[in-house]
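Coordinates in review
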Amino acid sequence: MDFDQTADQTADRIADQNSDRTDAYLRRIGADRPTAPTTHALRDLHLAHLLAVPFENLSIHLGENIELTDDALVAKVVDAHRGGFCYELNGAFAALLTSLGFEVTLLQARVYDDTGTPGIPYDHLALRVRTSDGGDWLADVGFGTHSHFPLAYGERGEQQDPGGTFRITETAEGDLDVSRDGKAQYVVDRRPRALGDFTSGAWWHRTSPTSHFTRSLVCSMLTGTGRITLSGRTLTTTTAGERHTAELATDAEVLDAYATHFGITLKQVPQVRKTASPGGDVTS
């Protein structure tokens, strides 16, 4: 067997493994493999991801490592049947889209607080996705309550979505402000980034005492009729705009809620740490 033949066989084996991984991811979110990386396919995948993979910060309070690599992020979503926060969810989604032929660019964003002040650089990871039929989209499956479908990247008027009325506007500095129902959500830097660039932002969010992720527990997912959220021991179900809350009295009830509503099996109930841990750096 000559070198070229061996190289071809190795390439075929790697391609088969990658294809199997992609199929496993698609099964995880209950989506069919698209025949082409079109706008319609992107919309279907975006919504399917939101309906299947929760936005959650449990790793921070369980002392679990967060590794910003494609393999680690996909393994967490697919093999561990978990969710994550923005770096994990959009990072994993980017890997899936790329494997399906979409052109994906990672973008860093700064999230506005309640006073309208943007947060730290690399506060958030969002995706610019180009499709084979000429579409150019801002995709985001890692911002909790947000648009159900990707937003048109070049559109500057109002964009109607089941999640609200969205608008993308250019700032004086050339960045993009994203607003929902008239309230600024985050500001996007349009320069392409690599996954490893977000290491500092992810580290800050999982260790800083001022990060809202170290001060609270959240596990939230879009449903066909609204949204379901478990914050500590409070289970909130929103159906057709009506909110219902229930306080879970025991650890067994909390663990059952994670399993029943989010498909997450835990051995222990996550507890908010009194102080942020300095250990367990994020690796890229």
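To be clear, the structure that these remarks concern was listed above.
Reference entry: report on the structure contained in this document.

Scoring rules and cut-offs
Residues numbered from 1 in each chain as written. Predicted model: local features only at pLDDT ≥ 70, side-chain atom pairs only at ≥ 80, totals over all residues. Heavy atoms only, no water. Core = buried A, V, L, I, M, F, W, Y, C linked by side-chain atoms within 4.5 Å. Buried < 20%, exposed > 50% of the residue type's maximum accessible area, 1.4 Å probe, protein only. Helix = DSSP H or I, 4+ residues; strand = E, 2+ residues; numbered from the N terminus. Contact = heavy atoms within 4.5 Å. Pairing = 2+ DSSP bridges. Axes fitted to C-alpha atoms, helices over the stretch in contact; angles between N-to-C directions. Salt bridge = Lys/Arg side-chain N within 4 Å of Asp/Glu carboxyl O.

1. A word on the nonpolar core
One finds I29, L45 and F102 to be the most contacted residues of the largest nonpolar core, which totals 47 residues. Put simply, the parts of the chain that give this core at least two residues each are α1 (3-29), α2 (39-52), α4 (70-78), α5 (86-99), β2 (103-111), β3 (124-130) and β4 (136-139). Residue contacts for L45: discarding those within four places in its chain leaves L26, I29, A31, P34, F93, L97, L100 and F102. Grouped together as the second largest cluster of nonpolar side chains are 16 residues, M221, L248, V254 and Y258 included.

2. Looking at the pairing of β2
Bridging between β2 and β3 involves 7 bridges; their strand directions are antiparallel. Residue pairing across strands places V104 opposite V129, the latter belonging to β3. The pairing of β2 with strand β9 (residues 183-188) spans 3 bridges and is antiparallel. What sits directly across from R110, in β9, is V187.

3. Looking at the sheet that holds β9
Spatial strand order, β5-β4-β3-β2-β9-β8-β7-β6: 8 strands in an open sheet with antiparallel pairing. In this open sheet, the two strands that pair with only one neighbour each are β5 (151-152) and β6 (158-161). Sheet analysis places β4 next to β5, joined by 2 bridges and oriented antiparallel. If you follow W137 over to β5, its bridge partner there is A152. In this fold α5 packs onto β2, β3 and β4, with an angle of close to 20° to the strand it touches most, β3.

4. What about the pattern of salt bridges?
Following the criterion strictly, the structure yields 14 salt bridges and no others. Across the pair E170 and R190 runs a salt bridge whose closest N-O atoms are separated by 3.6 Å. Separated by 20 residues along the polypeptide, E170 in strand β7 (residues 164-170) and R190 in the loop between β9 and α6 (199-207) bring together distant segments of the chain. The partly exposed category is assigned to R190, whose relative accessible area is 30%. Its salt-bridge partner being D251, residue R233 comes within 2.3 Å of it at the nearest N-O pair. Of this pair, R233 sits in the loop between β11 (226-231) and β12 (234-239) while D251 sits in helix α8 (residues 251-262); the two residues are 18 residues apart in sequence, bridging distant segments of the chain. A residue is classified by how much of its surface remains accessible, and R233, at 30% relative accessible area, is partly exposed.

5. Side note on the environment of A184
One can find A184 in strand β9. Put simply, A184 and D114 are 70 residues apart on the chain and 9.3 Å apart in space, counted from C-alpha to C-alpha. Discounting residues that sit within four places of it in the chain, A184 has contacts with Y112, V178 and S179.

6. Looking at the sheet that holds β11
With antiparallel pairing, 5 strands are arranged side by side in an open sheet as β1-β10-β11-β12-β13. In the strand order of this sheet, the two ends are held by β1 (55-56) and β13 (242-247), each with one partner. Strand contacts of α8: β10 (219-222), β11 and β12, with the helix running at about 155° to β11, the strand carrying the most contacts.

7. Comments concerning the pairing of β10
Looking along a regular strand, one sees side chains alternate from face to face of the sheet. Side-chain alternation along β10 places C219 and M221 on one buried face and S220 and L222 on a second face that is also buried. Bridge count for β1 against β10 is 2 bridges, and the pairing is antiparallel. Bridge pairing in β10 places F55 opposite S220. In this structure, β10 lies alongside β11, joined through 4 bridges in antiparallel fashion. Within the sheet, the bridge partner assigned to L222 lies in β11 and is R227. Where β10 hands over to β11, the hairpin turn is made up of 3 residues, counted between the paired strands.

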